[in-house]
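Next come the chains, spelled out residue by residue.
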Amino acid sequence: MASETGSQRSPIFFKGAFVQLVPGLVGVVPNIVSFQFNPEKISHTLTPWNPFEVDQAQRGAQAPTVQPFDPKETFNLTLEFDASDDMAKGDPVALSSGVADWLAAMKKLTLPTAGVLGDFANSAAGLLNEPPVARPTVPIILFVWGPGRILPVRVSSFSVEETLFSPALYPVQAAVTVGLEVMTPDVFKCQEDVTARLAVAAYKFTRLQEDALAVVNAANPHQQILSLLPF
C-alpha cells in the first residue's frame, strides 16, 4: 500500500507469544516467550456443558438450554524453531546451544517457577546444598495471538520433536506441540492477587471484542434465511 509520500508500506505482522505472569516483589514480572515463527494452523475446540450427561434422578430436570458456565475452550498448535540462520550469522547463543534456549523457555511454561532469575538462584543454591526458596504454583500464562485474542491459559500437553543436532548434540531444529486450556474467570474466584486480576481482564477484553464482532455479523442482511423461517 502506498503512503501519501508515494513510498510503499509493508503490513505489520504480529508474532504470537506466551506471557507468563510471575509474581515478583513488586507487581508482576512477565516472562515472555515469543514465537520464532507463527504456526500456519491452530486447532480450536469448544466443549459446551451437556445437561443430559448429569444424573438428574434425585432432583428436578435441567432445562436443555442450561449453560451454567463458559464452555471448556482448548487450543492446539505446533511451534517450529530453527537455529540454522542464526548459526550462519555467527550468533553465539545459536552456535553454542542451537534452539535449546527456546526449548528451555517453553518447558518452563509447564513448571512451578519463581521467575527466570529466581529459578536460577534456587538451582545454584541447591548445588551448594543450601535449602532452596519455596516455589509458588504454576504461574498464569497469557496466550497472545495478536490484539484480538489474549487469553489466560494453562498448558495441558507438551511434546517436542528434535530433528537436527549440533556436534555437541544440542538441537538445531525442533517442533513443539502444545495443548492449551483456557482459564475462565470462574477458576479465579479463590485467587485475588494481581495476576488473577490481569488474567480475568484479558479474558473479558477478548470476549468483548468477540461480542462486538458478533454484532457486526448480526447487522449483515439475512433476508434469504429469514424468508425460510415459519414465523
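The rules behind these values
Residues numbered from 1 in each chain as written. Predicted model: local features only at pLDDT ≥ 70, side-chain atom pairs only at ≥ 80, totals over all residues. Heavy atoms only, no water. Helix = DSSP H or I, 4+ residues; strand = E, 2+ residues; numbered from the N terminus. Buried < 20%, exposed > 50% of the residue type's maximum accessible area, 1.4 Å probe, protein only. Areas by Shrake-Rupley, 256 points an atom, 1.4 Å probe, with all protein chains shown as cover. Phe/Tyr/Trp six-rings, centres within 6.5 Å; stacked < 30°, edge-to-face > 60°. Lys NZ or Arg CZ within 6 Å of the ring centre and 35° of its normal. Core = buried A, V, L, I, M, F, W, Y, C linked by side-chain atoms within 4.5 Å. Contact = heavy atoms within 4.5 Å. Pairing = 2+ DSSP bridges. Patch = residues over 30% accessible without salt bridge, like charges linked within 9 Å, V, L, I, M, F, W, Y side chains within 5 Å. Salt bridge = Lys/Arg side-chain N within 4 Å of Asp/Glu carboxyl O. Expected span 1.5 Å × (residues − 1). Axes fitted to C-alpha atoms, helices over the stretch in contact; angles between N-to-C directions.

Asker: Could you clarify how one ought to interpret the overall build of the chain in this entry?
Answerer: For the chain, the count of helices and strands is six helices and seven strands. Element order for the chain, N to C, with α for helix and β for strand: β-β-β-β-α-α-α-α-β-β-β-α-α. Counting only residues that meet the buried cut, the chain has 28% of its 231 residues in that class. By element, 61% of the accessible surface of the chain is carried by carbon and sulfur atoms, the whole surface being about 15,400 Å².

Asker: What should I look at first to understand the packing of aromatic side chains in this one?
Answerer: What characterises a pair of aromatic rings is the spacing of the ring centres plus the angle enclosed by the ring planes. For the structure shown, the criterion picks out six aromatic pairs. Here a set of aromatic residues connected by ring pairs shows up, and it is made of Phe18, Phe35, Phe75, Phe143 and Trp145. The cationic tip of arginine 207 hangs over the ring face of tyrosine 203; the distance from NZ or CZ to the ring centre is 4.6 Å.

Asker: Sorry, what's going on with the nonpolar core here?
Answerer: If you look at soluble globular proteins, the nonpolar side chains tend to sit buried side by side. Core analysis: the biggest nonpolar cluster contains 25 residues, and Phe18, Met106 and Leu180 have the highest contact counts within it. At the level of secondary structure, the elements contributing two or more residues to this core comprise β4 (72-82), α3 (100-107), β5 (140-144), β6 (150-165) and β7 (171-182). Of all the elements, β7 adds the most residues to this core, at six residues. With sequence-adjacent residues up to four places away left out, leucine 180 is seen in contact with Phe18, Glu73, Thr74, Phe75, Leu77, Phe143, Val153, Arg154, Val155 and Ser156. With eleven residues, the next largest nonpolar core counts Val19, Leu142, Val144 and Phe188 among its residues.

Asker: Please explain the side chain of serine 97 as it appears in this structure.
Answerer: With respect to the secondary-structure elements, serine 97 resides in helix α2 (residues 92-97). Its relative accessible area of 13% is what places serine 97 among the buried residues. What serine 97 contacts, discounting residues up to four positions off in sequence, is Tyr170 and Pro171.

Asker: Before we go on, may I ask you to explain the environment of phenylalanine 143 in this structure?
Answerer: Within the fold, phenylalanine 143 resides in strand β5. Residues phenylalanine 143 and valine 153, spaced ten residues apart in sequence, show a C-alpha to C-alpha distance of 6.4 Å.

Asker: I would appreciate a short explanation of the pairing of strand β1 (residues 17-23) in the present structure.
Answerer: Across a regular strand the side chains alternate sides, sitting on one face of the sheet and then on the other. With six of its seven residues buried, β1 lies for the most part within the structure. Here β1 pairs with strand β2 (residues 28-34) via seven bridges, running antiparallel. If you follow phenylalanine 18 over to β2, its bridge partner there is valine 33. As judged from the five bridges shared by β1 and β5, these two strands associate in the antiparallel manner. Across the sheet, residue leucine 21 finds its bridge partner in β5, namely isoleucine 140.

Asker: Looking at this structure, I do not really get a nonpolar patch on the surface. What am I missing?
Answerer: On the surface, Leu226, Leu229 and Phe231 cluster together into a nonpolar patch covering about 360 Å² of accessible area. Note on placement: phenylalanine 231 falls in the segment after α6 (223-226). Among the residues examined, phenylalanine 231 registers a relative accessible area of 80% and is labelled exposed.

Asker: Could you clarify how one ought to interpret the environment of valine 22 in this entry?
Answerer: Note on placement: valine 22 falls in strand β1. Separated by 90 residues in the primary sequence, valine 22 and proline 112 have C-alpha atoms spaced 9.9 Å apart.

Asker: Sorry, what's going on with helix α5 (residues 194-218) here?
Answerer: One turn of the α-helix equals 3.6 residues, which is why residues spaced by three or four share an orientation. Along its 25 residues, α5 runs 36 Å from first to last C-alpha, staying within 8% of the 36 Å computed at 1.5 Å per residue. Turning to α5, its buried residues are Thr195, Ala196, Ala199, Val200, Ala202, Tyr203, Thr206 and Arg207. Buried positions along α5 lie against β1, β2, β4, β5, β6 and β7.

Asker: How should I be thinking about the sheet that holds β6 in this particular structure?
Answerer: Strand-to-strand pairing in sheets goes through backbone hydrogen bonds, with the strands running parallel or antiparallel. Ordered by their spatial adjacency, seven strands build an open sheet running β2-β1-β5-β6-β7-β4-β3, and the pairing between neighbours is antiparallel. Each having just a single partner strand, β2 and β3 (42-47) make up the two edges of the open sheet. Across the sheet, the mean angle from the axis of one strand to that of its neighbour is 30°, orientation sign disregarded. Strand contacts of α3: β1, β2, β4, β6 and β7, with the helix running at about 20° to β7, the strand carrying the most contacts.

Asker: Teacher, can you tell me more about the pairing of β4 here?
Answerer: Of the two faces of β4, only one is covered, namely that formed by Glu73, Phe75, Leu77, Leu79 and Phe81; the face formed by Lys72, Thr74, Asn76, Thr78, Glu80 and Asp82 stays uncovered. Of the strand pairs in this sheet, β3 and β4 are connected by six bridges, and their pairing is antiparallel. Its bridge partner being in β4, serine 43 is matched across the sheet by asparagine 76. Two strands pair when backbone bridges link them, and β4 and β7 are joined in this way by nine bridges, in the antiparallel orientation. Residue pairing in the sheet places threonine 74 in a bridge with glutamate 181 of β7.

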